[in-house]
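# Summary of structural features
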Amino acid sequence: MSQDNIQSTLHENRHFPPSAEFVRTASLSSEQLNELYAQAEQDNPGFWATQARKEIDWQTPFTTTLDSSNAPFYRWFPDGKLNVSYNCLDRQLEHNADKTAIIFEGEPGDIEHISYQELHARVCRFSNALKAQGITQGDRVIIYMPMIAEAVVAMQACARIGAIHSVVFGGFSASSLKDRIEDTQAKLVITADGGHRGGKIIELKATTDTALNQGCDSVKTVIVFKRTGHDINMQPERDIWWSDAEKGHNSDCEPVWVDATHPLFLLYTSGSTGKPKGIQHSSGGYLLNAITTMRWVFDIQDSDVFWCTADVGWITGHTYVAYGPLATGATIVIYEGVPTVPNGGRFWDICTRLGVTIFYTAPTAIRALMKMGDDIPNSYDLSKLRLLGTVGEPINPEAWMWYYNVIGQRRCPIVDTWWQTETGAHMIAPVPAVTTTKPGSCTRALPGIDAAVVNQEGEEITHADEGGYLVIRQPWPSMIQTVWGDNQRYKDTYWPYFDGKYYLAGDSARRDEDGFFWIMGRIDDVLNVSGHRLGTMEIESALVAHPRVAEAAVVGQPHDVKGEAVFAYVVLRGDRPTGGIDDELTQELRAWVGEQIGAIAKPDDIRYADNLPKTRSGKIMRRLLRTIAKGEEITQDTSTLENESILPQLQGKA
Ligand code: PRX
């Protein structure tokens with residue numbers, strides 16, 4: 001646990017109470033929040049049962065709230081039946097049918113407004129198309145799409161018919177896509193010819209073809225949405241255009257009522273060991289916390305235009321694009337491209353033109369945009385914004401202050417939301433009309449969420465200057481159900497200590513004198529690059545799969561925009577390049593990792609050494625490698641190194 005991290009945040013004493021204007025218009029007051037905390041404190045499952053009855057339309061109401069008989073495989077609302085898509089769409093039809101559900105903006109500038117009525121019709125039509133392709137309840141469907149409205153249509157359609165979707169981020173490689181297809185044994189892939197990103201076309205269909213050519217025998221059908229219109233290859237027996245798949249189907253489709261515990265989706269995420277794991281989420285519990293957090297943290301109101309910039313390939317794009325906002329009848333913005341096309345004002349331009357009121361993004365984007373200077377945002381009208389949010393990694397106080405002063409113009413509260421793919425929804429976050437925020441802290445656990453910082457023995461740490469494991473001590477509705485196909489891995493990863501009673505988040509944290517949480521980083525070998533989780537082992541495996549690489553070790557290096565950058569130490573088969581420099585090979589290895597995993601995993605820097613530093617028992621000295629990557633002075637004991645001469649090589653000095 002880094003003492004530096006503790007020190008740098010211990011002295012943060014700036015406080016930002018919500019403005020009187022925000023408090024006046026917000027839907028959750030301090031008294032109401034206290035009441036929620038009190039109810040949850042008194043009877044945690046009872047509290048969630050009340051919320052679930054209030055927020056969800058059940059086809060069959062549940063009578064049991066929580067089945068803990070097979071813990072840690074908790075089952076929320078096990079005898080209740082619902083449909084998530086019904087809760088998102090059908091229940092808006094009576095009063096909100098004409099309300100805009102989605103404002104889509106493509107990177108080239110095309111804009112489309114889709115009402116709830118229209119979205120419902122599209123989802124139903126596509127649900128019928130899926131059924132016609134033989135997809136039924138429980139089947140897995142892979143979605144590999146650009147960030148366009150149809151990605152949400154596809155997710156909602158799966159939910160409607162009880163199929164389990166697994167969205168794969170469009171930036172992942174063919175090999176990553178193949179791994180996910182094979183692990184899920186999906187029958188069908190939904191993709192597009194391509195998508196627009198960064199002024200280029202991403203070849204989604206071509207990448208899908210490459211993946212499917214490597215195996216993936218479970219896939220019988222590929223549905224292709226025409227987005228870019230460029231030439232692609234269609235394999236007649238397997239591939240069908242989205243528009244053809246929909247032909248002849250009407251816009252009515254009865255929802256399939258599923259158990260609350262029926263898996264809504266699988267989403268793959270990196271861990272410290274092995275291949276990415278399929279995080280399995282439920283239908284009822286997941287939906288509940290998607291809704292409650294939209295209310296408590298985002299203060300969602302009927303007139304809001306809500307924009308979460310995350311791609312649907314990540315959990316944030318599931319909970320705060322595809323499900324939570326629609327289940328609360330919000331108008332959302334979906335933007336296909338990157339923040340810098342055609343220039344660094346794109347996000348602020350969209351906020352101005354589309355009247356965005358709530359804006360939610362990652363610290364990495366904030367830092368990148370901050371670097372471009374204040375003049376760009378200052379030239380737009382950001383006066384409609386009323387609430388700002390961040391997610392994905394700790395936000396440094398400097399970026400927080402810039403977000404607050406320049407984007408929010410000291411008017412908008414900032415909600416720094418801590419959560420994970422596994423938690424499904426926000427766990428620790430401010431309630432904007434109530435919490436006095438501090439730059440860099442995600443503040444307090446939400447009602448019903450029993451988060452704590454504990455030591456190795458599971459004892460709570462409350463001293464402000466001590467860090468420990470971040471845990472959640474009671475189950476919550478949107479919690480991970482299991483790792484797809486691997487119950488043991490679920491138990492081993494998330495419930496390894498404390499008699500299996502506390503959920504281990506994998507983060508270290510500390511509480512300050514007000515009880516606020518400060519996240520300090522991961523306790524495992526997981527990197528957080530631009531808010532995305534990458535396992536160091538995954539990147540190492542990719543590197544050693546290259547014929548010229550004998551051994552590799554990957555660590556994180558602090559990066560002023562990405563938060564963390566990938567830093568790789570490589571031992572080659574054969575001779576080390578002269579002076580440790582071989583630009584051509586470095587480019588080749590970077591491209592190789594891009595092909596194996598995806599562009600986000602490419603090492604920023606590669607150092608070549610004759611060996612890796614190891615302890616006597618043969619363990620790679622990662623702490624030493626991290627110190628070197630940071631360019632810090634080596635304070636670790638290096639006397640056990642077999643070959644001390646590698647130190648200057650690792651440091652890039654020889
Ligand atoms: O380390 C924490 C960090 O991101 C991890 C979860 O990553 P992922 O499952 O990809 O989900 C990201 C979006 C929810 C956490 O274990 N993290 C997430 N939010 C924050 C954060 N670290 C600090 N502050 C946050 N607000």
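Every chain's residues receive numbers from 1 upward, in the order its sequence appears when written. Residues qualify for local features only when their pLDDT is at least 70, as the model is predicted, and side-chain atom pairs are given and counted only at 80 or more; totals for whole chains, interfaces and linings, by contrast, use all residues. Excluding hydrogens and water, the side-chain figures rest on all heavy atoms present in the structure.

## Focus on the layout of surface pockets
Estimates place the volume of the second largest pocket at around 370 Å³. Ranked by residues supplied to the lining of the second largest pocket, first place goes to helix α3 (residues 30–42) with three residues. Grouping the amino acids of the lining of the second largest pocket by side-chain chemistry returns eight nonpolar, four polar and five charged. The rule is simple: put a 1 Å grid over the protein atoms alone, call a set of points where a 1.4 Å probe fits but cannot get out a cavity, call an open set with protein on both sides within 12 Å along at least five of seven lines a pocket, and count a residue as lining if it has an atom within 4 Å of a point. Grid points are joined across faces, edges and corners, and a volume is the space filled by probe spheres set on the points. Numbering of helices and strands starts at the N terminus; helices are DSSP runs of H or I of at least 4 residues and strands are runs of E of at least 2. By the convention adopted, Pro, Cys, Tyr, Trp, Phe, Met, Ile, Leu, Val and Ala count as nonpolar, Lys, Arg, Asp and Glu as charged, and the other residues, Gly among them, as polar.

## Things to note about the packing of helix α7 (residues 149–161) against helix α12 (residues 315–327)
Each axis is a line fitted through C-alpha atoms, and for a helix only the stretch in contact is used; angles between axes span 0 to 180 degrees, taken between their N-to-C directions. Interaxial distance between α7 and α12 falls to 11 Å at its minimum, and their mutual angle equals 60°. Regarding the angle of α7 to α12, the classification is oblique. Viewed along their axes, α7 and α12 form a crossing whose handedness is right-handed. Here α7 contributes V152, M155, Q156 and A159 to the contact with α12, which in turn contributes H318, V321, A322, Y323 and L326. When its residues are assigned to classes, the contact of α7 with α12 shows seven nonpolar, two polar and no charged. An angle counts as roughly parallel when it lies under 35 degrees, as roughly antiparallel when it exceeds 145, as roughly perpendicular when it falls between 65 and 115, and as oblique in every other case. Crossings are classed by handedness, with left-handed meaning an anticlockwise turn of the near helix from the far one by less than a right angle and right-handed meaning a clockwise turn. Residues are treated as being in contact if the distance between any of their heavy atoms lies within 4.5 Å.

## Section: the sheet that holds strand β4 (residues 100–105)
Only strands that DSSP links by at least two bridges are regarded as paired with each other. Taken in spatial order, the seven strands of this open sheet run β5-β4-β17-β16-β18-β19-β20, and their pairing is mixed. Only two strands of the sheet have a single neighbouring strand rather than two, namely β5 (111–115) and β20 (414–417). Strand-to-strand twist of the sheet, defined as the mean angle between neighbouring strand axes without regard to direction, takes the value 20°. Both strand β19 (residues 387–391) and β20 contribute to a ladder of four bridges, which runs parallel. Bridge pairing in β20 links L388 to I414.

## Section: the pattern of salt bridges
Pairing between side chains becomes possible if they bear opposite charge and their charged atoms approach one another. Between Lys or Arg on one side and Asp or Glu on the other, a salt bridge is scored when a side-chain nitrogen of the former is within 4 Å of a carboxyl oxygen of the latter. This model, assessed by the stated rule, comprises 40 salt bridges. Ionic pairing is found between D67 and R75, a salt bridge with its closest N-O pair at 3.1 Å. R346 is the salt-bridge partner of E105, the closest N and O atoms lying 3.0 Å from each other. In this pair, E105 sits in strand β4 while R346 sits in helix α13 (residues 346–354), placing the two residues 241 residues apart along the sequence.

## Remarks on the domain arrangement of the chain
Each domain span listed reflects an automatic or database assignment of domains. Structurally, the chain comprises domain 1 (20–508) and domain 2 (520–650). Taken over C-alpha atoms, the centre of domain 1 sits 32 Å from the centre of domain 2. Listed as interface residues are 29 residues of domain 1 and, on the opposing side, 27 residues of domain 2. By definition, the buried area sums, over both parts, the 1.4 Å-probe accessible area that each loses when the two are put together. At the boundary of domain 1 with domain 2, total buried surface from both sides reaches about 2,200 Å², with 50% on carbon and sulfur atoms. Three residues stand out in domain 1 for area buried against domain 2, namely S270, S272 and S508, and they jointly supply 23% of the buried area on that side. The salt bridge partner of D560 is K371, with a shortest N-O separation of 3.0 Å.

## What about α13?
In this scheme, a residue with accessible area under 20% of its type's maximum is buried, one over 50% is exposed, and one in between is partly exposed, where area comes from a 1.4 Å probe on protein chains only. Taken together, the buried positions of α13 are occupied by R346, F347, W348, I350, C351 and L354. Once α13 finishes, G355 follows within two positions and takes phi at roughly 65°, a positive value.

## As for the packing of helix α11 (residues 284–296) against α12
Packed helix pairs are characterised by how far apart their axes lie and by the angle those axes make with each other. In contact at an axis separation of 9 Å, α11 and α12 are set at 80° when each is read in the N-to-C sense. It follows that α11 is roughly perpendicular to α12 by the angle criterion. Only H318, T319, Y320, Y323, G324, P325 and A327 of α12 make contact with α11, whose side of the interface consists of Y286, L287, A290, I291, T293 and M294. For the contact of α11 with α12, the class distribution of residues is nine nonpolar, four polar and no charged.

## Quick word on the nonpolar core
Core analysis: the biggest nonpolar cluster contains 160 residues, and I102, F126, L130, I190 and L543 have the highest contact counts within it. The element contributing the most residues to this core is α7, with 10 residues. Residue contributions to this core reach at least three from each of two domains, namely domain 1 (20–508) and domain 2 (520–650). By nonpolar core is meant a set of buried Ala, Val, Leu, Ile, Met, Phe, Trp, Tyr and Cys residues that side-chain atoms within 4.5 Å join together. Ranked by size, the runner-up nonpolar core spans 30 residues in total, among them Y335, C351, Y403 and I407.

## Re the pairing of strand β24 (residues 503–511)
A large share of β24 lies buried, amounting to nine of its nine residues. Across four bridges, strand β22 (residues 468–472) lies against β24 in antiparallel orientation. Note that in β24 the partner of V471 across the bridge is L504. Inspection of the sheet shows β24 paired to strand β25 (residues 517–522) by five bridges, in the antiparallel sense. Pairing of D507 across the sheet is with R522, part of β25. Connecting β24 to the antiparallel partner β25 that follows it, the hairpin turn spans five residues, and G515 within it adopts a positive phi of roughly 80°.

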